[in-house]
2 protein chains.
Amino acid sequence: MGTHYKGTKEEVRALNTYIKLMRAAESVTARLNPRIASYGLTVSQFGVLEALYHLGPLCQHELAKKLLKSSGNITLVIDNLEKRGFVRRRRERVDRRLVRVRLTPRGRRLIQDIFPGHVAAIVQEMSALTSREQDTLARLCRKLGLKQQK
Amino acid sequence: MGTHYKGTKEEVRALNTYIKLMRAAESVTARLNPRIASYGLTVSQFGVLEALYHLGPLCQHELAKKLLKSSGNITLVIDNLEKRGFVRRRRERVDRRLVRVRLTPRGRRLIQDIFPGHVAAIVQEMSALTSREQDTLARLCRKLGLKQQK
DNA sequence: CTTCAATCGTTCGATATCAAATGGTTTGAC
DNA sequence: GTCAAACCATTTGATATCGAACGATTGAAG
């Protein structure tokens with residue numbers, strides 16, 4: 001299992017941990033995906049709606065940062081959400097470089113419909129771990145995710 | 001940090017763990033990416049070369065399963081690798097439905113060039129955690145990744 | 001043998017994703 | 001005040017990615 005690479009103990013351990021981390025993230029995503037897709041949304045679209053729902057109207061570069069995507073990508077995702085009437089763009093008056101994105105009533109209804117089941121599905125996924133284990137996992141992931149200067 | 005969602009303790013914990021897991025995977029990937037890209041490869045292309053390197057020639061559906069991608073996707077990735085002369089396709093004689101993919105000498109040289117540095121980069125990433133923590137993370141991720149029959 | 005279901009790779013249409021280039025806008029330095 | 005640097009969204013061209021439809025091949029059931 002894990003890796004077939006022959007290396008030092010340290011290397012094998014790091015590779016194994018890396019692979020397990022990626023697999024876990026991919027597997028959980030793959031199992032959560034169908035629910036979101038069943039509402040006709042992609043993961044990115046869902047991410048945008050969810051961010052707007054919980055944080056209020058945001059500029060596109062804020063969404064890009066929040067979702068770890070390029071600004072060009074966000075432009076497209078917003079395009080597709082706007083076409084279907086879930087969000088609305090408005091150019092800022094004070095700083096005309098910015099485009100503020102907000103949920104339409106229709107978009108708000110959609111995310112309100114989806115979100116409770118989404119949370120339930122995540123709770124279900126995480127039920128493979130005890131509360132203690134979940135906290136440990138979160139802590140270790142956080143250490144890994146942090147920007148390391150070097 | 002984590003989530004802005006107001007829910008039960010269990011829900012907040014699960015959501016927080018989920019977000020941290022996804023962030024960690026994305027962050028590590030994002031930091032590993034530039035190295036691979038500097039060789040003119042995408043992550044998927046690298047994944048294929050690495051699998052062929054360590055496991056030997058494989059059929060496309062085996063690659064798809066290994067990399068958790070659709071068969072249609074693998075077709076395209078192999079197309080692009082083949083165009084550049086890193087892999088070669090050959091139709092199986094016994095079972096003519098199968099297409100076996102193998103590294104060319106050029107492809108082998110490339111992955112041999114890249115891989116050591118890739119391992120070093122992963123070791124560097126994982127150095128944010130102690131050996132003990134890495135093992136714990138791997139174990140918890142493994143529990144999460146496993147298929148759970150409802 | 002024949003036929004039918006399963007398997008495998010490809011194609012298609014839609015969306016995602018990035019990096020780089022572009023054009024409009026703002027801000028800071030002078 | 002002017003101008004250059006920084007910032008923001010969009011566009012473009014390439015690759016990724018999926019699901020679904022498709023055609024070829026195989027295997028199994030009769």
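Residues numbered from 1 in each chain as written. Chains lettered and ligands numbered in written order. Predicted model: local features only at pLDDT ≥ 70, side-chain atom pairs only at ≥ 80, totals over all residues. Heavy atoms only, no water.

**Regarding the overall build of chain A**
- Scanning chain A from N- to C-terminus turns up 6 helices and 3 strands.
- Counting from the amino terminus, chain A carries its helices and strands in the arrangement α-α-β-α-α-β-β-α-α.
- Computed over C-alpha atoms, the radius of gyration of chain A comes to 19 Å, more than 25% over the 15 Å expected from 2.2 N^0.38 for 150 residues, which places it beyond the range of a compact globule.
- Along the first, second and third principal axes, the C-alpha set of chain A runs to 60 × 35 × 25 Å.
- In chain A, which comprises 150 residues, the proportion classed as buried is 41%.
- Taking all contacts inside chain A whose residues are at least 6 apart in sequence as the whole, residues at least 24 apart take part in 49%.
- Total accessible area on chain A stands at roughly 8,400 Å², and carbon and sulfur atoms take up 52% of it.
- Here chain A holds 30 positive side-chain charges and 13 negative ones, and the gap between their average locations is 3 Å. (Helix = DSSP H or I, 4+ residues; strand = E, 2+ residues; numbered from the N terminus. Rg over C-alpha atoms; globule rule 2.2 N^0.38 Å. Buried < 20%, exposed > 50% of the residue type's maximum accessible area, 1.4 Å probe, protein only. Contact = heavy atoms within 4.5 Å. Areas by Shrake-Rupley, 256 points an atom, 1.4 Å probe, with all protein chains shown as cover. Lys, Arg positive; Asp, Glu negative; His and termini not counted. Charge placed at Lys NZ, Arg CZ, Asp CG, Glu CD.)

**Describing the domain arrangement of chain A**
Residue and element names in this part refer to chain A.
- Each domain of chain A was delimited in the assignment, giving domain 1 (1-38) and domain 2 (40-137).
- The gap between the C-alpha centroids of domain 1 and domain 2 is 25 Å.
- Summed over the three residues of domain 1 that lose the most area to domain 2, namely Leu32, Arg35 and Ile36, the buried surface amounts to 69% of that side.
- At the junction of domain 1 and domain 2, the tally comes to 1 salt bridge.
- Its salt-bridge partner being Arg31, residue Glu125 comes within 2.8 Å of it at the nearest N-O pair.
- Looking at the side of domain 1 that touches domain 2 residue by residue, the classes come out as 4 nonpolar, 2 polar and 2 charged. (Domains from an automatic or database assignment. Buried area = accessible area lost by both parts, 1.4 Å probe. Salt bridge = Lys/Arg side-chain N within 4 Å of Asp/Glu carboxyl O. Nonpolar A, V, L, I, M, F, W, Y, C, P; charged D, E, K, R; others polar.)

**A short note on the protein's contact with DNA strand D**
- As a structural note, the neighbourhood of DNA strand D is formed by 23 residues, with Gln60(A), His61(A), Thr42(B), Ser44(B) and Ser70(B) the closest of them.
- Between DNA strand D and Ser70(B) there is a distance of 2.7 Å, counted from a phosphate oxygen to a backbone nitrogen or oxygen.
- Interatomic distance of 2.9 Å between a backbone N/O atom of Arg96(B) and a phosphate oxygen of DNA strand D.
- Mapped by element, the contributors of at least two residues to the surface near DNA strand D are α3 (60-67) and α4 (71-83) of chain A together with α2 (43-55) and α4 (71-83) of chain B.
- Looking at side-chain class alone, the surface near DNA strand D contains 6 nonpolar, 11 polar and 6 charged residues. (Near = heavy atom within 4 Å. Polar contact = N/O pair within 3.5 Å; in protein donor to acceptor, adjacent residues only side chain to side chain.)

**A look at the relation of the copies chain A and chain B**
- Overlay of chain A on chain B (RMSD 0.0 Å): rotation 180°, translation along the axis 0.0 Å. In short, the pair behaves as if placed about a two-fold rotation axis.
- The share of interface residues of chain A whose copies in chain B are also at the interface is 100%, consistent with both copies meeting through the same surface. (Least-squares fit on C-alpha atoms with pLDDT ≥ 70 in both.)

**Some words on the nonpolar core**
- Core analysis: the largest hydrophobic core is formed by 84 residues, its most contacted members being Leu49(A), Leu63(A), Val87(A), Leu49(B), Leu63(B) and Val87(B).
- A domain-level breakdown of this core finds at least three residues from each of domain 1 (1-38) and domain 2 (40-137) of chain A.
- With near-sequence residues (within four places) excluded, Val87(B) lies in contact with Leu49(B), Leu52(B), Ile78(B), Leu81(B), Glu82(B), Val101(B), Arg102(B), Leu103(B) and Thr104(B). (Core = buried A, V, L, I, M, F, W, Y, C linked by side-chain atoms within 4.5 Å.)

**Side note on the sheet that holds strand β3 (residues 99-103) of chain A**
All names here are of chain A.
- Pairing within the open sheet is antiparallel, and its 3 strands lie in the order β1-β3-β2. The sheet is open, and its two edges are formed by β1 (58-59) and β2 (87-91), each paired on a single side.
- Where β2 meets β3, 5 bridges bridge the pair, whose relative direction is antiparallel. Paired with Arg89 across the bridge in β3 is Val101. (Pairing = 2+ DSSP bridges.)

**Points about the protein's contact with DNA strand C**
- Surrounding DNA strand C, one finds 24 residues, the nearest of these being Thr42(A), Ser44(A), Ser70(A), Gln60(B) and His61(B).
- Of all atoms in DNA strand C that approach within 4 Å of the protein, 77% are sugar or phosphate atoms.
- Interatomic distance of 2.9 Å between a side-chain N/O atom of Asn80(A) and a phosphate oxygen of DNA strand C.
- Taking Val99(B), its main chain carries an N or O atom lying 3.2 Å from a phosphate oxygen of DNA strand C.
- A total of 4 residues in the surface near DNA strand C trace back to one element, the largest contributor, which is α4(A).
- Tallied by class, residues from the surface near DNA strand C come to 7 nonpolar, 11 polar and 6 charged.

**Here we look at the interface of chain A and chain B**
- Listed by partner, the interface residues are 53 residues for chain A and 53 residues for chain B.
- Counting the surface lost from both chain A and chain B, the interface buries some 5,300 Å², and carbon and sulfur atoms represent 69% of this.
- One salt bridge in this structure joins Glu133(A) and Arg139(B), with 3.5 Å as the shortest N-O distance.
- At the boundary of chain A and chain B, one finds 12 residue pairs in polar contact (both at pLDDT 80 or more).
- Put simply, the parts of the chain that give the side of chain A that touches chain B at least two residues each are α1 (9-37), α2 (43-55), α5 (105-126) and α6 (131-145) of chain A.
- Of the residues forming the side of chain A that touches chain B, the biggest block, 20 residues, is contributed by α1(A).
- Across the side of chain A that touches chain B, the residue classes tally to 25 nonpolar, 12 polar and 16 charged.

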